[in-house]
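# Coordinates in review
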Amino acid sequence: MAKKQRQCLIGLDIGGTKLMTVVVDEKFKVLGRFRMKTRGKGKARKGGSLFDRVVECVDGAMKETKIGPKELLGIGVGSPGPLDPKTGVIIDTPNIGWKNFPLADKLSSRFKAPVAVDNDVNLGTYGEFHFGAARGGRHVLGVFPGTGIGGGILIDGRIHHGASGAAGEIGHVVFDPEGPLCGCGQRGCLEAYAGRLPIAGQLAGLVIRGQARHLAEEAGSDLRDIRSSQIAAAIAGGDKMVEQIVRREAARIGLAAVNVVNVLSPDTVVLGGGMVEAMPRLYVEEVSRAIKENALPFLAKFVTVVATKLGDDAVAMGAAKLVAERLAENQKNGKNTRNAKKK
Ligand SMILES: [Zn+2]
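Residues numbered from 1 in each chain as written. Predicted model: local features only at pLDDT ≥ 70, side-chain atom pairs only at ≥ 80, totals over all residues. Heavy atoms only, no water.

## Focus: the overall build of the protein chain
In terms of helices and strands, the protein chain carries 13 helices and 13 strands. For a compact globule of 343 residues, the expected C-alpha radius of gyration is about 20 Å, and the protein chain comes in at 21 Å, within 12% of that figure. Dimensions of the protein chain, computed from C-alpha atoms along their principal axes, come out at roughly 65 × 55 × 40 Å. Across the 343 residues of the protein chain, 53% fall into the buried class. (Helix = DSSP H or I, 4+ residues; strand = E, 2+ residues; numbered from the N terminus. Rg over C-alpha atoms; globule rule 2.2 N^0.38 Å. Buried < 20%, exposed > 50% of the residue type's maximum accessible area, 1.4 Å probe, protein only.)

## Re the nonpolar core
Counting 48 residues, the largest nonpolar core has Val 246, Tyr 283 and Ile 291 as the members making the most contacts within it. For this core, the leading source of residues is helix α9 (residues 240-264), giving 10 residues. Not counting residues within four places of it along the chain, the set of residues in contact with Ile 291 comprises Gly 254, Ala 257, Val 258, Val 261, Val 269, Ala 300, Val 303 and Val 305. One finds Val 54, Ile 75, Ile 96 and Ala 113 within the second-largest nonpolar core, a separate group that totals 31 residues. (Core = buried A, V, L, I, M, F, W, Y, C linked by side-chain atoms within 4.5 Å. Contact = heavy atoms within 4.5 Å.)

## Comments concerning the coordination of the zinc ion
Looking at the metal site, the zinc ion is ligated by His 172 (ND1), Cys 182 (SG), Cys 184 (SG) and Cys 189 (SG), spaced 2.0 to 2.3 Å from it. For the zinc ion, the four donor atoms are set out with angles of 106 to 119° between them, so the coordination reads as tetrahedral. One chain supplies every donor for the zinc ion, spaced along it as H-x9-C-x1-C-x4-C. One end of the pair, His 172, is in the loop between β11 (158-159) and α5 (191-194); the other, Cys 184, is in the loop between β11 and α5, with 12 residues separating them in the sequence. According to the relative accessible area criterion, His 172 is partly exposed, its value standing at 25%. Given the relative accessible area of 41%, Cys 184 is considered partly exposed. (Donors = N, O, S within 2.8 Å, 3.2 Å for Na, K, Ca; no water. Tetrahedral: all angles 85-135°; square planar, octahedral: opposite > 155°, others 65-115°.)

## Quick notes on the pattern of salt bridges
Evaluation of the coordinates by the stated rule reveals 17 salt bridges. Linking Glu 249 and Arg 248 is a salt bridge whose minimum nitrogen-to-oxygen distance equals 3.7 Å. A relative accessible area of 1% places Glu 249 in the buried class. In this structure, Arg 289 and Glu 286 form a salt bridge, with 3.1 Å as the shortest nitrogen-oxygen distance. Residue Arg 289 and its partner Glu 286 are located together in helix α11 (residues 280-294), separated by three residues, close to a single helical turn. Residue Glu 286 is classed as buried on the basis of its relative accessible area, which comes to 8%. (Salt bridge = Lys/Arg side-chain N within 4 Å of Asp/Glu carboxyl O.)

## Section: the side chain of Thr 308
Here Thr 308 is to be found in the loop between β13 (304-307) and α13 (314-332). For Thr 308, a relative accessible area of 16% translates into the label buried. Here Gly 311 takes part through its backbone nitrogen, which lies 2.8 Å from a polar atom of the side chain of Thr 308. Excluding residues that lie within four positions of it along the chain, Thr 308 makes contacts with Glu 128, Ala 133, Val 270, Leu 271, Gly 272 and Glu 277. (Polar contact = N/O pair within 3.5 Å; in protein donor to acceptor, adjacent residues only side chain to side chain.)

## Overview of the sheet that holds β11
Sheet architecture is open: five strands sit in the order β11-β10-β9-β12-β13, paired in mixed fashion. Only two strands of the sheet have a single neighbouring strand rather than two, namely β11 and β13. Docked against the sheet, α9 engages β9 (140-145) and β10 (149-155), running at close to 160° with respect to β9. Along the sheet, α11 makes contact with β9, β12 (268-271) and β13, crossing β13 at roughly 165°. (Pairing = 2+ DSSP bridges. Axes fitted to C-alpha atoms, helices over the stretch in contact; angles between N-to-C directions.)

## Remarks on the packing of helix α6 (residues 196-208) against α9
Here α6 crosses α9 at 160°, and the two axes come no closer than 10 Å. Between α6 and α9, the crossing angle belongs to the class labelled roughly antiparallel. Considering how the two elements wind past one another, α6 and α9 form a crossing that is right-handed. Facing Ile 199, Gln 202, Leu 203 and Leu 206 of α6, the residues of α9 in contact are Met 241, Val 242, Ile 245, Val 246, Arg 248 and Glu 249. (Parallel < 35°, antiparallel > 145°, perpendicular 65-115°, else oblique. Left-handed = near helix turned anticlockwise from the far one by under 90°.)

## Side note on the domain arrangement of the protein chain
What the domain assignment lists for the protein chain is domain 1 (8-119 + 313-332) and domain 2 (133-308). Residue-level contacts link six residues of domain 1 with five residues of domain 2. Buried area between domain 1 and domain 2, summed over both chains or domains, comes out near 440 Å², and the portion from carbon and sulfur atoms is 50%. Looking only at domain 1, the three residues that lose the most surface to domain 2 are Pro 85, Asp 118 and Ala 314, adding up to 49% of its buried area. For the interface between domain 1 and domain 2, the tally reads one salt bridge. Across the pair Arg 158 and Glu 329 runs a salt bridge, and its minimum N-O distance is 3.7 Å. (Domains from an automatic or database assignment. Buried area = accessible area lost by both parts, 1.4 Å probe.)

## With respect to the sheet that holds strand β4 (residues 72-79)
Read across the open sheet, the five strands follow the order β3-β2-β1-β4-β8; overall the sheet is mixed. A strand with exactly one partner marks an edge of an open sheet, and here the two such strands are β3 (30-37) and β8 (115-119). Taken pair by pair, the neighbouring strands of this sheet meet at an average axis angle of 15°, ignoring direction. Bridge count between β4 and β8: five bridges; the pairing is parallel. Counted as the bridge partner of Val 77 is Val 117 from β8. The sheet contacts of helix α2 (residues 50-64) involve β1 (8-14), β2 (18-25), β3 and β4, and relative to β3 the element is tilted by about 150°.

Pasting the structure below:
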């Protein structure tokens, strides 16, 4: 083989519906991507566990980009939490069904490569910080509204984990302790108002009352599975009351961000996730406005609000960066990772 051996990293994003990988070289140039549904059909579903599908997805990514086991430097993984970022054990994820699952160890022994694991939203924020919309920042708040509302905090460019390992849960900032029930068991959390499901509930009311003509055409009255793109299309089509509802909830996300701004004084708030990708301007406007009008002026003037640049790749890119750093640290500390001496 005359060709110089490539050195590649894989970043993997374990989502509730999709598994997504990016394969990058040492300079983080994307060599390829591979995606699968989180819950499989047919053969994979029948005896296959989620871990089997994760393995299948990493295999698929390696095949797609034609990289061999020796070219794989490491795998970074973004997973829903809570999890232990030091050990890579997933502590409890009701959505995908893992409990005290040693993901890093299992994946590492399967692919004979180092594996680093962190919370998906932390890594989305991290990806945007290194490669996307939050570049140039130092203290970053990431907010990713989707079904839930995830948050990530970077202080001095490092992911802030806190005592529990699970810091950054902006979706559970409490607006009203007697408010609507949240998925976490508490009441009145941000997510219980501004998550995709409560928004869909409000929009369904509009459709039923005949106040959202375009949305009715887009999605009908059963809005449980409504896509962000359909909401965006209805607003673009002129459904004013749909726009009002989405703006109100985007502003509520802004208010939660105000509280974080006043406490942590970030320089960048990066917004991502499906709703933001579909309506970036609306979300940036409402969150910026909330910060400008409600945060302490001296802190507010340091903050820039931006929308995701990496979109679907954010978590996987952050994961690739995470494992690259873990490798560099290990090398510095003289730990003999499999590829450390290969040069
Ligand atoms: Zn909650």
